[in-house]
Amino acid sequence: MSVNTPTGHDYLSMAIDIATTNVHNDGGPFGAVVVAPDGRTFSGVNRVTANNDPTAHAEVVAIRAAASALGTFDLSGSTLYSSCEPCPMCLASSLWARIDRVVFAADRHDAASAGFDDAVFYGYFDPDGDQSLMPVERRRAGPEEHLAPFRAWSDLETRIDY
């Protein structure tokens, strides 16, 4: 008796299937699956409009599910499969989660043709990008006040470094 071990193609198909189903459940057309090193899977679908949460992208939802179930913020050794190319927020979330690899099906141009154009966000992070979309500036509250949270963190013996 042979055991069928899921492949990367299977996980990518799973992400596409849950994205398609999500469209009929008041969600966006995006799905993602995190596969942990031990083979456990954690899925997420886009719930931005359903939950009024601009961060509820499928990849972020899947990362949150994996981290919660595994009891760790460090998902090293995991692979993220996404129905579509992750946006800059989702890529950054994958980096913070220490995801080893990201695999996606549709690309940003496919998403744009369906009305999901992230080009302005990708452009924002381009070294020559237009920062006028959302100006970011540094201001200090007081001479040393801005360092207080970091001093408190450094002095905390029970901190968990990440």
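Residues numbered from 1 in each chain as written. Predicted model: local features only at pLDDT ≥ 70, side-chain atom pairs only at ≥ 80, totals over all residues. Heavy atoms only, no water.

### Structural notes on the overall build of the chain
- Of regular secondary structure, the chain possesses seven helices and four strands.
- Tracing the chain from N to C terminus, the helices and strands come up as α-β-β-α-α-β-α-β-α-α-α.
- Taken over the C-alpha atoms alone, the chain extends approximately 70 × 40 × 30 Å along its principal axes.
- Sorting the 162 residues of the chain into buried and exposed places 28% on the buried side. (Helix = DSSP H or I, 4+ residues; strand = E, 2+ residues; numbered from the N terminus. Buried < 20%, exposed > 50% of the residue type's maximum accessible area, 1.4 Å probe, protein only.)

### Topic: the packing of aromatic side chains
- Taken as a whole, this structure holds five aromatic pairs when the rule is applied.
- For the ring pair Phe 73 and Tyr 162, a centre distance of 5.7 Å and an interplane angle of 65° mean the geometry is edge-to-face. Of this pair, Phe 73 sits in the loop between helix 3 (58–70) and strand 3 (79–84) while Tyr 162 sits in the segment after helix 7 (148–155), and the two are 89 residues apart along the sequence.
- Clustering of aromatic rings is evident, with ring pairs tying together Phe 73, Trp 96 and Tyr 162.
- One residue, Arg 108, lies across the ring of Tyr 122, its end atom 3.6 Å from the ring centre. (Phe/Tyr/Trp six-rings, centres within 6.5 Å; stacked < 30°, edge-to-face > 60°. Lys NZ or Arg CZ within 6 Å of the ring centre and 35° of its normal.)

### Overview of the sheet that holds strand 1 (residues 31–35)
- Strand order in the open sheet made by the four strands is 2-1-3-4, with mixed pairing throughout. Pairing within the sheet leaves two strands with one partner each, and these edge strands are strand 2 (41–45) and strand 4 (101–106). With direction set aside, neighbouring strand axes in the sheet form an average angle of 15°.
- Contacting strand 1, strand 2 and strand 3, helix 3 runs over the sheet at an angle of about 145° to strand 2. (Pairing = 2+ DSSP bridges. Axes fitted to C-alpha atoms, helices over the stretch in contact; angles between N-to-C directions. Contact = heavy atoms within 4.5 Å.)

### What about unusual backbone geometry?
- You will see that Asp 26, though not glycine, has its phi angle at about 70°, which is positive.
- Tracing the sequence through the fold places Asp 26 in the loop between helix 1 (8–23) and strand 1.
- Under the relative-accessibility criterion, Asp 26 is labelled exposed at 62%.
- Within the chain, Arg 98 stands out as a residue other than glycine whose phi angle is a positive 65°.
- You can call Arg 98 partly exposed: its relative accessible area is 29%.

### Considerations on the environment of Asp 38
- Among the structural elements, Asp 38 can be located in the loop between strand 1 and strand 2.
- Separated by 35 residues in sequence, Asp 38 and Phe 73 place their C-alpha atoms 16 Å apart.
- Among the polar contacts listed, one links the side chain of Asp 38 to the side chain of Arg 40, at a separation of 2.8 Å. (Polar contact = N/O pair within 3.5 Å; in protein donor to acceptor, adjacent residues only side chain to side chain.)

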